[in-house]
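Single-letter residue listing:
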Amino acid sequence: MFRYIIKRLIYMIPVVLGISFVVYAIISLTPGDPAQLILGADTDPVVLAAKRAELGLNDPFLIRYLKYISGVLVGNLGNSYRTGLPVLSELIIRLPNTIIIALGGIGLSVAIGVPLGLASAVKQYTFVDYFARTLALLLTAIPAFWLGLMLLLFFVLNLKILPATGANSWKNFVLPIVTLAASAAATQTRTTRSSMLEVIRQDYIRTALAKGVPESRIIWKHVIRNGILPVVTIIGMNIGVQLGGTVVIENIFAIPGMGSILVNSVRIKDTPMIVSSIILVAVFIGICNLLVDIVYAYIDPRIKAQYFSVTSKRGKTKTKTGGTVA
Amino acid sequence: MKNYLKCLLLLSLSMLASFMLSACSGEKTTSTPQESKGEDSLIFGLIQEPTTLDSLTSAERITWLPVSAIYDTIVFKDDDQKLLPGLAEEWDISDDGLTYTFKIREGVKFHNGETLTADDVAFTIEKLRVLQKSEFGVISSVDIIDDTHVKITLESAFSPMLYLFTLPQTGVVNKAAYEADPESYGRKPNGTGPFKFSSWLSGEDIVLDHFEDYWRGAAPMTSITFRIIADESTEIIALEANEINAYIQVSQSYRQVVEGNEQLAWYDTPSGQVNTLAFNNGNYSNGEPSIFADNKALRQAICYAINKDDLVIGAVDGTSDPLYTPYPEFVINYPEEFDGNVYNPELAKEKLAEAGYPDGLTIKMRTTTQANYSKPAEVIMGQLSEIGITMELETMERGTYLEEVYNNFDYDMTIWAVSCDYPDVNHGAYRRFYSGMIAPANNYMQINDPALDEAILTNRTSIDPAEKAAAVLRIAEIIRDESYCLPLYCSQQTLATNANLKGVNLNSGMGIDFYRWSW
């Protein structure tokens, strides 16, 4: 297992390098002058030329990329074009905020979505089922920014129990996490429900029922353990989506996180900041996916066996990076 | 299915009810206590983070807000745009208008404790000559006469000179600190203004504390926090919840919300920004001429096809009046009885035929995605279709727009603003209409007209008031007759604040005198 983890981590490196190259290329080769975007459209040309020289923008693209990436490999993420300060120090402050919102959003969506989906599957065609499906439909349809603003209006202006902006206390994170969790919970509910339903229809469940096994034991021991695998897959996929969703959330709630700085940096073409943020996000998603794959091993012994046989020469059963086991 | 529908209805109704409640409920009379450094502090919401707090290199308008609190300028101006002594107690202008001698106030302290001397003022002006050449290049030399006197010599008479020294981007810096480390001056500024820099948490807050040793006496406000909130709806909610106390450049769509709330106050004033329909009067970057180059009739056709009364309703909900001069109404020598081109669709069609397009044509307009440029574009598209011109609107991302249109002149028509931040037409006219300024980010319309150049130079250098007034009128007449561009309207500068704030002031060009604000 340990070897498997190391192998996965090593595989992440070329992926991240490839991402960084593509992003750096896109930013550098598209029109738009960072110096003019940062200092202002009407800045004096002398000042602009000096800034361009200062930022090293007159070097050819490959040279700039190589300089940047050689810095990254020793842990130096470069200096932001906008502030001149090290990118790493800025991102270190902002990363926790985004992670809190993203993980909080996923956690809340699982805490709501999975039980609701399960109840919906077990008690199919009852009120609980209809309620869950309707709620899922509504939450999928409602866009995040609208929900966020409505929650802001209600909890900040009407009930006055939560602050609108900032990131100093836990209260600031309640609404962002709820907003993010809303649509994710909808997906979780539906996936859980359909996966559990499939398991419930299996013959071995019917056998257990016929044998007289109590229903709660059936649900806990058989239905959940067998049905949870697709749900875990969806959670893993959702992490990437949630991180994207935090951009909108951070803008609405004025939380200084990676999403907002990424969007602002793209607007002014602050290349070191953009590429470094994306590298961090890619690494984070890679690690999350790795964790999800490890969780598979603990749920499904068949998969655990596959991981342990990674070092053996059994052709097709070798796991590849990021892919689920066939 | 019946159950399903029942549930859907129930849930939707309950959600709708709760949201309607929140939207329509009346205002509470007590506001939440201010979460800040005490009752006398101000929290100002900014939609964008400033890039620097160094006055000399600050070119973005939003940066001028904290900059005007941190620095003092050599000359001040009051709410009616009259000049007042600033860091210069008095000044003397030679008869030929070429020499200005300033007497610098004594006993003024910088935030770092040093005393202001003529050295700092001279250093600042020298830097301005280099860093803001398009405006200050007219100064040929700066001399220090003694500890309290600075003399500047101009290459030609320049009547708006003193106005230039009132702009926030001319705030006086400390020579020693600036020379020691110019790069970090922008993150750790040092000025003589009423507020000194305290901290800058990137992406969140810029905090300024009031300067106890300020030469006019400490400001009533003990601190100002500039909070960055990127979304406009959140700014308004934060304003209503008293989490921020003021917010500038509010969209007109929020006017009713602010005016309807008795805890908030709405201020507006004409900004110096004239939204203008610009034609490319020269060549593209590849050397080919644009369709408007040398085709006056086509330009005139388009100008006659625009109904400005409808345009201001469509673009800014009627909150500005149509403008017929290429400069705002607050400039000196504004020609009161000017006859601009009025809407005349028959004449437009005639001119179109004269231009060689009797059956109409397709023209492309390129703008940024900003609403104050793309909305008028949409109205114009409709108006031009009525005379047979099909307009294709291409909205571009700002970086691409600046590079292709603003720098490289690869466009036929666009909408941009001609700014006039002080009450003299020179600011907009020289930069945007003078042939010598055809360069990236300056005279992007590539206007090259000797008579217009002469009028601009006369206004700029003449010290005879009658001559100046005639020149100002000439500028408007030539732009109207040749139709190099079409001024549309002067946009409004808007500010929403907590109603309890006193001494609130606002003038064109993002100038705010925070010294006068108090609770």
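Each value, and the rule that gives it
- Residues numbered from 1 in each chain as written.
- Chains lettered and ligands numbered in written order.
- Predicted model: local features only at pLDDT ≥ 70, side-chain atom pairs only at ≥ 80, totals over all residues.
- Helix = DSSP H or I, 4+ residues; strand = E, 2+ residues; numbered from the N terminus.
- Rg over C-alpha atoms; globule rule 2.2 N^0.38 Å.
- Buried ≥ 20, exposed ≤ 12 C-beta atoms within 10 Å, placed from the backbone.
- Contact = placed C-beta atoms within 7 Å.
- Domains from an automatic or database assignment.
- Pairing = 2+ DSSP bridges.
- Axes fitted to C-alpha atoms, helices over the stretch in contact; angles between N-to-C directions.
- Nonpolar A, V, L, I, M, F, W, Y, C, P; charged D, E, K, R; others polar.
- Parallel < 35°, antiparallel > 145°, perpendicular 65-115°, else oblique.
- Left-handed = near helix turned anticlockwise from the far one by under 90°.
- Core = buried A, V, L, I, M, F, W, Y, C linked by C-beta atoms within 7 Å.
- pLDDT = per-residue confidence, 0-100.

### Side note on the overall build of chain B
The number of helices and strands found in chain B is 17 helices and 16 strands. Relative to the 2.2 N^0.38 estimate, which gives 24 Å for 519 residues, the radius of gyration of chain B is 25 Å and therefore close to what a compact globule would have. Its C-alpha atoms put chain B at 80 × 70 × 40 Å along the principal axes. With 519 residues in all, chain B has 46% of them scored as buried. Summarising the internal contacts of chain B: among those between residues at least 6 apart in sequence, 68% fall at separations of at least 24.

### Points about the overall build of chain A
Of the regular secondary structure elements, chain A holds 13 helices and zero strands. Secondary structure elements of chain A, listed N to C terminal, follow the sequence α-α-α-α-α-α-α-α-α-α-α-α-α. Along the first, second and third principal axes, the C-alpha atoms of chain A reach 85 × 65 × 30 Å. Put simply, chain A has 326 residues, and 40% of those count as buried.

### Here's the deal with the domain arrangement of chain A
Partitioning chain A into domains gives domain 1 (1-82 + 304-326) and domain 2 (90-267). Between the C-alpha centres of domain 1 of chain A and domain 2 of chain A there is a distance of 30 Å.

### Quick word on the sheet that holds strand 5 (residues 99-104) of chain B
Strands pair in a sheet through their backbones, by hydrogen bonds, and they do so in one of two ways: parallel or antiparallel. All names here are of chain B. Spatially, the four strands line up as an open sheet ordered 4-5-7-6, and their pairing is antiparallel. One side of each edge strand has no neighbouring strand; the edge strands of this open sheet are strand 4 (88-93) and strand 6 (139-146). In this sheet, adjacent strand axes meet at a mean angle of 20° when their direction is disregarded. The pairing of strand 4 with strand 5 spans five bridges and is classified as antiparallel. Opposite I93, over in strand 5, you have Y100 as the bridge partner. Relative to strand 6, helix 3 (residues 118-131) is tilted by about 175°, and along the sheet it contacts strand 5, strand 6 and strand 7 (149-154).

### Remarks on the sheet that holds strand 16 (residues 485-498) of chain B
Residue and element names in this part refer to chain B. Reading across the sheet, the ten strands line up as 8-9-10-1-11-16-12-15-13-14 and stay open at both edges, with mixed pairing between neighbours. Both outer strands of the open sheet, strand 8 (195-201) and strand 14 (389-396), are each paired with one neighbouring strand and no more. Shown here is a sheet whose adjacent strand axes are inclined to one another by a mean of 25°, direction ignored. Pairing geometry for strand 9 (residues 205-210) and strand 10 (residues 223-228), over five bridges, is antiparallel. Bridge assignment links D205 to a residue of strand 10, and that residue is R227. Packing of helix 13 (residues 371-385) onto the sheet brings it into contact with strand 12 (264-279), strand 13 (361-368), strand 14, strand 15 (413-419) and strand 16, and relative to strand 14 it is tilted by some 165°.

### A look at the pairing of strand 16 of chain B
Residue and element names in this part refer to chain B. With 13 of 14 residues buried, strand 16 lies mostly within the body of the structure. The pairing of strand 11 (residues 246-248) with strand 16 spans three bridges and is antiparallel. Following the sheet pairing, A246 is matched in strand 16 by T497. As paired strands, strand 12 and strand 16 are joined by twelve bridges and run antiparallel to one another.

### Quick look at the interface of chain A and chain B
If you look at the interface, chain A gives 46 residues, while chain B gives 46 residues. Of all elements in the fold, only helix 2 (34-39), helix 3 (45-54), helix 5 (87-122), helix 6 (127-141), helix 7 (144-158), helix 10 (215-253) and helix 11 (258-268) of chain A reach the threshold of two or more residues within the side of chain A that touches chain B. Looking at the side of chain A that touches chain B residue by residue, the class counts come to 26 nonpolar, eleven polar and nine charged.

### As for unusual backbone geometry
Non-glycine residue A254(A) carries a positive phi angle of around 50°. Note on placement: A254(A) falls in the loop between helix 10 and helix 11. Even without being a glycine, N333(B) presents a positive backbone phi close to 65°. Its location among the elements puts N333(B) in the loop between helix 11 (308-316) and helix 12 (345-354). Judged by C-beta crowding, with 17 C-beta atoms within 10 Å, N333(B) ranks as partly exposed.

### Describing helix 11 of chain A
Residues of helix 11 of chain A that are buried: M258(A), G259(A), S260(A), I261(A), L262(A), S265(A) and I268(A). Those residues of helix 11 of chain A that are buried are in contact with helix 2, helix 5, helix 10 and helix 12 (271-299) of chain A.

### Quick word on the environment of V266(A)
All names here are of chain A. Tracing the sequence through the fold places V266 in helix 11. The exposure class assigned to V266 is partly exposed, which follows from the 19 C-beta atoms found within 10 Å. With 219 residues separating them along the chain, V266 and V47 place their C-alpha atoms 22 Å apart.

### Some words on the packing of helix 5 of chain A against helix 12 of chain A
The description of two helices packed together rests on the angle between their axes and the distance between the axes. Residues and elements named next belong to chain A. Contact pair helix 5 / helix 12: the axes reach a minimum separation of 11 Å and the direction vectors enclose 50°. If you check the angle between helix 5 and helix 12, you find them oblique. In terms of crossing hand, the pair formed by helix 5 and helix 12 is right-handed. Touching V87, L91 and L95 of helix 5 are P272, M273, S276, S277 and L280, all from helix 12.

### Quick look at the nonpolar core
Counting 136 residues, the largest nonpolar core has F44(B), L65(B), V121(B), I224(B) and F514(B) as the members making the most contacts within it. Residues in contact with I224(B), not counting those within four places in the same chain, are L42(B), F44(B), A69(B), F195(B), L208(B) and F514(B). By size, the runner-up hydrophobic cluster in this structure holds 70 residues, among which are L39(A), C303(B), M445(B) and A476(B).

### Topic: the packing of helix 16 (residues 450-461) of chain B against helix 17 (residues 465-482) of chain B
Residue and element names in this part refer to chain B. Two elements in contact, helix 16 and helix 17, have axes separated by 8 Å at closest approach and are oriented at 145°. Both helix 16 and helix 17 take part in a crossing whose hand is left-handed. When helix 16 is examined against helix 17, the residues A451, L452, A455, I456, T458 and N459 are found in contact with a partner set consisting of E467, K468, A471, V472, R474, I475 and I478. Along the lines of polarity and charge, the residues of the contact of helix 16 with helix 17 split into eight nonpolar, two polar and three charged.

### What about the pairing of strand 1 (residues 41-46) of chain B?
Residue and element names in this part refer to chain B. Taking burial as the measure, the six residues of strand 1 include five buried ones, the bulk of the element. Of the strand pairs in this sheet, strand 1 and strand 10 are connected by six bridges, and their pairing is parallel. Bridge pairing in strand 10 places G45 opposite R227. Pairing of strand 1 with strand 11 involves two bridges; the strand directions are parallel. Residue G45 lies in a different strand from strand 11, and its bridge partner there is Y247.

### Let's talk about the confidence of the model for chain A
Averaged over all residues, the pLDDT of chain A equals 86, while 95% of them reach at least 70. Model confidence for chain A, summarised as mean pLDDT per element, is weakest for helix 13 (residues 301-308) of chain A at 79 and strongest for helix 1 (residues 2-29) of chain A at 91.

### Some points on the confidence of the model for chain B
All names here are of chain B. In the predicted model, chain B carries a mean pLDDT of 87, and 92% of its residues have values of at least 70. Model confidence for chain B, summarised as mean pLDDT per element, is weakest for helix 1 (residues 2-24) at 61 and strongest for strand 5 at 93. Across residues 22-37, where pLDDT falls below 50, the model places 22 contacts with residues more than four positions away in sequence or in other chains. As scored by the predictor, the complex reaches a pTM of 0.84 and an ipTM of 0.80.

### Quick notes on helix 9 (residues 203-211) of chain A
Three or four residues apart is the spacing at which side chains of an α-helix point the same way, because the helix has 3.6 residues per turn. Among the nine residues that make up helix 9 of chain A, zero are buried, leaving the element largely open to the surroundings. With its phi angle positive at about 100°, G212(A) sits one or two positions after the end of helix 9 of chain A.

### Thoughts on the environment of L323(B)
For L323(B), the position within the fold is in the loop between helix 11 and helix 12. If we ignore the near neighbours within four places in the chain, the residues touching L323(B) are V274(B), P487(B), L488(B), Y489(B) and C490(B).

### Quick notes on the environment of D412(B)
Residues and elements named next belong to chain B. With respect to the element layout, D412 can be found in the loop between helix 14 (398-407) and strand 15. Judged by local crowding, D412 falls into the partly exposed class, with 19 C-beta atoms found within 10 Å. Taking C-alpha positions, D412 is 39 Å from K77, a pair spaced 335 residues apart along the chain. Sequence-distant contacts of D412, that is, excluding residues within four places in its chain, are made with N280, S290, I291, F292, I363 and K364.

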